[in-house]
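The residues making up each chain are set out below.
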Amino acid sequence: MIKNQTTMKEQLLIDHGYKYLWFIVLGAFLLVLILPFFKSVDLSVGALGLLLSALAEVLTTFFQHKHITFIISLVLGWLLALIICVILFFYIMWASGNMLFVK
């Protein structure tokens, strides 16, 4: 192993990349919230895919910074990202008018 090299177990993203990825997550989140009102479902789902991958990476790195083991932080990060994105998917369907909630 090379001296002074960060391993995946220690940290997934360097601090500089971690901060920029938060901006990408916030931008994708805003796109997911705004695009359905323009009836742009395809772009909204594409932005949701970007949000899923970026959010899972950010959450996994967040848990790594809190000294949770790598496997548990990976599972927690992806699980939380999936739950958030499933909720946002139903929001996209509702806001774009493709899904009606009836009694």
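Residues numbered from 1 in each chain as written. Predicted model: local features only at pLDDT ≥ 70, side-chain atom pairs only at ≥ 80, totals over all residues. Heavy atoms only, no water.

(A) Highlighting the overall build of the protein chain. Looking only at helices and strands, the protein chain has 3 helices and 0 strands in total. What you see in the protein chain, going N to C, is helices and strands ordered as α-α-α. When burial is assessed residue by residue, the protein chain has 32% of its 103 residues classed as buried. Of the accessible surface of the protein chain, which amounts to about 7,200 Å², a share of 74% is contributed by carbon and sulfur atoms. (Helix = DSSP H or I, 4+ residues; strand = E, 2+ residues; numbered from the N terminus. Buried < 20%, exposed > 50% of the residue type's maximum accessible area, 1.4 Å probe, protein only. Areas by Shrake-Rupley, 256 points an atom, 1.4 Å probe, with all protein chains shown as cover.)

(B) Region of interest: a nonpolar patch on the surface. On the surface, Tyr20, Trp22, Phe23 and Leu26 cluster together to form a nonpolar patch covering roughly 450 Å² of accessible area. Tracing the backbone shows tyrosine 20 in helix H1 (residues 15-34). The class of tyrosine 20 is partly exposed, set by a relative accessible area of 48%. (Patch = residues over 30% accessible without salt bridge, like charges linked within 9 Å, V, L, I, M, F, W, Y side chains within 5 Å. Salt bridge = Lys/Arg side-chain N within 4 Å of Asp/Glu carboxyl O.)

(C) Main features of the environment of serine 40. By the element assignment, serine 40 lies in the loop between H1 and helix H2 (41-65). Considered as a pair, serine 40 and isoleucine 92 are 52 residues apart in the sequence and their alpha carbons are 9.3 Å apart.

(D) Summary view of the nonpolar core. Counting residues in hydrophobic clusters, the biggest one holds 21 residues, and the most contacted among them are Val25, Val32, Leu48, Leu51 and Ala81. For this core, the secondary-structure elements that each account for two or more residues are H1, H2 and helix H3 (70-95). If we ignore the near neighbours within four places in the chain, the residues touching valine 25 are Leu51, Ala54, Leu55 and Val58. (Core = buried A, V, L, I, M, F, W, Y, C linked by side-chain atoms within 4.5 Å. Contact = heavy atoms within 4.5 Å.)

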